[in-house]
Amino acid sequence: MNSKSNHGLARMTRICKRKSMTRFLVIALLCAVIGSGATATAQTGAPQTPALLLGTAWYPEQWPESRWDADLALMQQAGIHMVRVGEFAWSRMEPSEGQYDLDWLDHAIAAAAKHGIVTVIGTPSAAPPAWLTQKYPETLRTKEDSRKDQHGNRQQFDWANPKYRELARAMAEQLAKRFGHNPNVVGWQIDNEYAEVSFDPETRAQFQQWLKNRYGTLDNLNARWTTSYWSETYFDWNQVPIQVGYGNPGLLLSWMRFVSDTWRSYQMNQLEVIRANSDRRQFITTNMMGLFDGYDHYTVAQDLDLAAWDDYVGQGHLDPVKNGLAHDLTRGLKGKNFWVMETQPGGVNWADINNWLDKGEVRAMAWHDIGHGADTVSYWQWRSALNGQEQYHGTLVGPDGTPDPLYPEIAQIGREFEKASPVLAGTSVKSEVAILHSYDSRWAIQWQKHNKDYKGVILSYYGPLRAEAQSVDIVPPSASLGRYKLVVAPGLNVITDADAKNLMQYVNNGGHLVLGQRSGMKDVDNGLWPQRQPGPLTEPLGGRVEQYYALVDPVPIEGKWGAGQSPMWAELLSVKDSDVEVLMRYGKSNGWLDGQPAAITRKVGKGRITYIGAWLDPKTMAAAAHWMTDISGVKAALGPVPVGVDVYPRYGAKGAVYILVNFTNTQQTVKLPTGMKDVLNGGTTQAVTLPYLGVAVLSVAK
Ligand code: GLA
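Note that the structure is a prediction, hence the values are computed from the model and not measured.

A.B. asks: Whenever I open this one, the pattern of salt bridges confuses me. Can you help?
C.D. replies: Any two side chains of opposite charge can pair if their charged atoms end up close together. In the structure shown here, the tally under the stated rule is 35 salt bridges. We note a salt bridge from Arg331 to Asp328, for which the minimum N-O separation is 2.7 Å. Taken together, the residues span about one helical turn, with Arg331 and Asp328 both in helix α12 (residues 320-334) at a distance of three residues. Accessibility assignment for this pair places Arg331 and Asp328 in one class, buried. Taking the shortest distance from any N to any O, the salt bridge between Glu432 and Lys485 comes out at 3.2 Å. Of this pair, Glu432 sits in the loop between α14 (407-424) and β10 (433-436) while Lys485 sits in the loop between β11 (472-475) and β12 (486-489), and the two are 53 residues apart along the sequence. According to the relative accessible area criterion, Glu432 is partly exposed, its value standing at 28%. Take Lys485: its relative accessible area is 36%, and that puts it in the partly exposed class.

Written out as structure tokens, the structure reads:
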């Protein structure tokens, strides 16, 4: 944001104007210097925006220009300072090939700026115009069943097709040339929610070339994938098929890596021309989808300035744990604050039951976003198109253009964001606990679940760990881990040599690594590690998994974390070294597991490795999380709070800010460890009382 510099300029201009004529000569030079240095900004008159931005998706192309001002005035009244525009407007921007019409967008951006609203431009490549796919049918994606997609919805393009890339790049270049230096444009969103891929013969040829680059020789590929199995051996690169869902595990993983790299190059194709034609202050991002796993987000995020995602609930109510995990995952993509580029204004249109969130829940959700490290919360969408596929989706104003019942709640969020902005500006989330997350591992388990109910393993750890520490980072196994007291790897099924080295360096330097069930089973090519689980970490652990059991009925477990059950999954652990401590044992069950170790731990180097082979029921997991944090010296960021009250700490140069949200359905009182400033209500307080969905923003100086 350029708000600070503009603010400074406005102040200096006022000072320069106020000075009396008698002092004119003394200050003339100063004002001239300031003026010249800031001319560009002064001429541009970019709106000043708060550090916490409230925004909305706005589609000016769907409305007559005469209506825009009324919409923007209503946005301004609600404290909205950002609009995202353009991401589906290709047919308006380029009505025929090479004929670009961007004047309307220029007007829309200028009109928004007059209301103190900055703009993010979405490149429109998720919705190609009809003339394009008619003239170049090869740009339409081929579905898995070999049928071509068609015009009429969106995402019908082939992400690997060179012609499509050429046309999308030309469009993005036109936008960047026109708006890359526009002071009211703060950033760019490339495309919209990357998701659909193509299975056409040309894409398959690209995949085969990708394999050639990765494996070098067919002998190597055949060996890494063990293709002697089922006579899968390849004699020519062009024999390698595309497989999804069921197939050789090495091939399945390679395809997903190819998909991820292809999204990266698809994005880079537009990103390059935007960078080349825009001010560096304009960020480039794309709107991702939280826990969606259609590509490796770490691969795609590396070229972006900022991570952003679309935070939806769908049916039901906000699950602070599930959506919190998605926030933390998104924050971990760039290791810094992120944007919520879209979120639901009450309800959606795509769930089985599109219930509305409770009164106050949209506000609680906005603070949940900020607490997890978002700096912007933007609603999808401002007003629904009168026709079009999403007529039933939640909006902020109705089809008549007047406020919906939710509008006052949005305006409240707007006021609160403005109030809290000075305190939250420059703050970010810092955690003592990290959970390791890898797409390779998620895919590998999904393809061979071994128990149809097996899902949500990361969540089962995340919730209880977050409740203990009140802040958790989600990072890939390649991340630098030295800053964490505790690193937990639930279901880190694929562990590469490089990952193992990184993890052991962390442990040897004093960290506590906890491996959850199914960890360390697979190598970089999704092949089995011959030493059994946890693969390259078996030796330092001093024990290993002798056998895994998919369970129909839960088995009892007992030990340091009390007596509980292991549903769905149980791994029989063996202990090799005498200094390995058995933490939990299975009770009487299938005979094999009876009395055998379910969780073990060992001091290694200056640190410790723990392996948990059981899926722990919630109560036992809570006890385990308490043990893990306690033995690792992790403290709750704020201190004890009632169960169901979420705490989100953010830290900056001036001190700490704690955001609290009460997700229980009764009023809760939180006693604070010290007197804190009540940012939303004013004054200093030692305790806060929060109703259902109540929010407090508390700050304490260093
Ligand atoms: C997605 C899309 C939007 C809109 C919303 C509706 O997030 O990016 O264009 O379709 O869903 O919830």
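A.B. asks: Explain the site of the ligand here, please?
C.D. replies: The immediate surroundings of the ligand are formed by Phe88, Arg154, Asn192, Glu193, Asp310, Tyr312, Glu342, Trp350, Trp380, Glu390 and His393. Arg154 is positioned such that a nitrogen or oxygen atom in its side chain is 2.7 Å from an oxygen atom of the ligand. Summarising the interface, the protein chains cover 96% of the accessible area of the ligand, which totals 310 Å² for the free molecule. The class makeup of the residues in the shell around the ligand is four nonpolar, two polar and five charged.

A.B. asks: I keep staring at the packing of aromatic side chains and nothing clicks. Help me out?
C.D. replies: The relation between two aromatic rings is expressed through the spacing of the ring centres and the mutual angle of the planes. Counted by the stated rule, this structure contains 33 aromatic pairs. Pairing Tyr59 with Trp380 gives two aromatic rings, centres 6.3 Å apart and planes at 65 degrees, and the pair type is edge-to-face. Of this pair, Tyr59 sits in the loop between β1 (53-57) and α3 (65-77) while Trp380 is found in the loop between β9 (374-379) and α14, placing the two residues 321 residues apart along the sequence. As far as burial versus exposure is concerned, Tyr59 and Trp380 are alike and both buried.

A.B. asks: Would you explain the pairing of β9 in this entry?
C.D. replies: Along any regular strand the residues' side chains alternate between the sheet's two faces. Burial within β9 is extensive, with five of its six residues counted as buried. Where β1 lies against β9, four bridges are found, and the strand directions are parallel. Counterpart to Leu54 in the pairing with β9 is Val377. By the bridge criterion, four bridges tie strand β8 (residues 338-343) to β9 in an arrangement that is parallel. Considered in β9, the bridge of Phe338 is made with Ala374. Read from β8 through helix α13 (residues 361-371) to β9, the crossover connection turns out right-handed.

A.B. asks: Is there a simple way to explain the packing of helix α5 (residues 103-114) against helix α7 (residues 162-179) in this structure?
C.D. replies: The packing of two helices is summarised by the inter-axis angle and the distance between the axes. Taken N-terminus to C-terminus, the directions of α5 and α7 make an angle of 45 degrees; their axes are 11 Å apart at the nearest point. The angle between α5 and α7 places the two elements in the oblique class. Considering the relative orientation of α5 and α7, their crossing is right-handed. Listed contacts from α7 to Asp103, Leu105, Asp106 and Ile109 of α5 are Leu175, Arg178 and Phe179. Of the residues assigned to the contact of α5 with α7, the class counts are four nonpolar, no polar and three charged.

A.B. asks: So what exactly am I meant to see when it comes to α5 here?
C.D. replies: Because an α-helix packs 3.6 residues into every turn, residues spaced three or four apart end up facing the same way. Here α5 is twelve residues long and its end C-alpha atoms lie 17 Å apart, about the 16 Å a rise of 1.5 Å per residue gives. Three or more residues of α5 are buried, namely Trp104, Leu105, Ala108, Ile109, Ala111, Ala112 and Ala113. Turning to α5, the residues buried within the fold contact α3, β2 (82-85), α4 (90-93), β3 (118-122), α7 and β4 (185-189). Note on α5: the residue one or two positions beyond its end, Gly116, has a positive phi of about 75 degrees.

A.B. asks: I keep staring at the pairing of strand β20 (residues 607-612) and nothing clicks. Help me out?
C.D. replies: Burial analysis of β20 places six of its six residues in the buried class, the great majority of the element. Neither face of β20 is left uncovered, since the one carrying Gly607, Ile609 and Tyr611 and the one carrying Arg608, Thr610 and Ile612 both have all their residues buried. Note: strand β19 (residues 597-604) against β20, six bridges, orientation antiparallel. Bridge pairing in β20 places Arg602 opposite Ile609. Counted along the chain from β19 to the antiparallel partner β20, the turn is two residues long, and its residue Gly605 has a positive phi close to 55 degrees.

Definitions and limits used
- Residues numbered from 1 in each chain as written.
- Predicted model: local features only at pLDDT ≥ 70, side-chain atom pairs only at ≥ 80, totals over all residues.
- Heavy atoms only, no water.
- Salt bridge = Lys/Arg side-chain N within 4 Å of Asp/Glu carboxyl O.
- Helix = DSSP H or I, 4+ residues; strand = E, 2+ residues; numbered from the N terminus.
- Buried < 20%, exposed > 50% of the residue type's maximum accessible area, 1.4 Å probe, protein only.
- Near = heavy atom within 4 Å.
- Polar contact = N/O pair within 3.5 Å; in protein donor to acceptor, adjacent residues only side chain to side chain.
- Areas by Shrake-Rupley, 256 points an atom, 1.4 Å probe, with all protein chains shown as cover.
- Nonpolar A, V, L, I, M, F, W, Y, C, P; charged D, E, K, R; others polar.
- Phe/Tyr/Trp six-rings, centres within 6.5 Å; stacked < 30°, edge-to-face > 60°.
- Pairing = 2+ DSSP bridges.
- Right-handed = clockwise from strand over helix to strand, strands pointing away.
- Axes fitted to C-alpha atoms, helices over the stretch in contact; angles between N-to-C directions.
- Parallel < 35°, antiparallel > 145°, perpendicular 65-115°, else oblique.
- Left-handed = near helix turned anticlockwise from the far one by under 90°.
- Contact = heavy atoms within 4.5 Å.
- Expected span 1.5 Å × (residues − 1).

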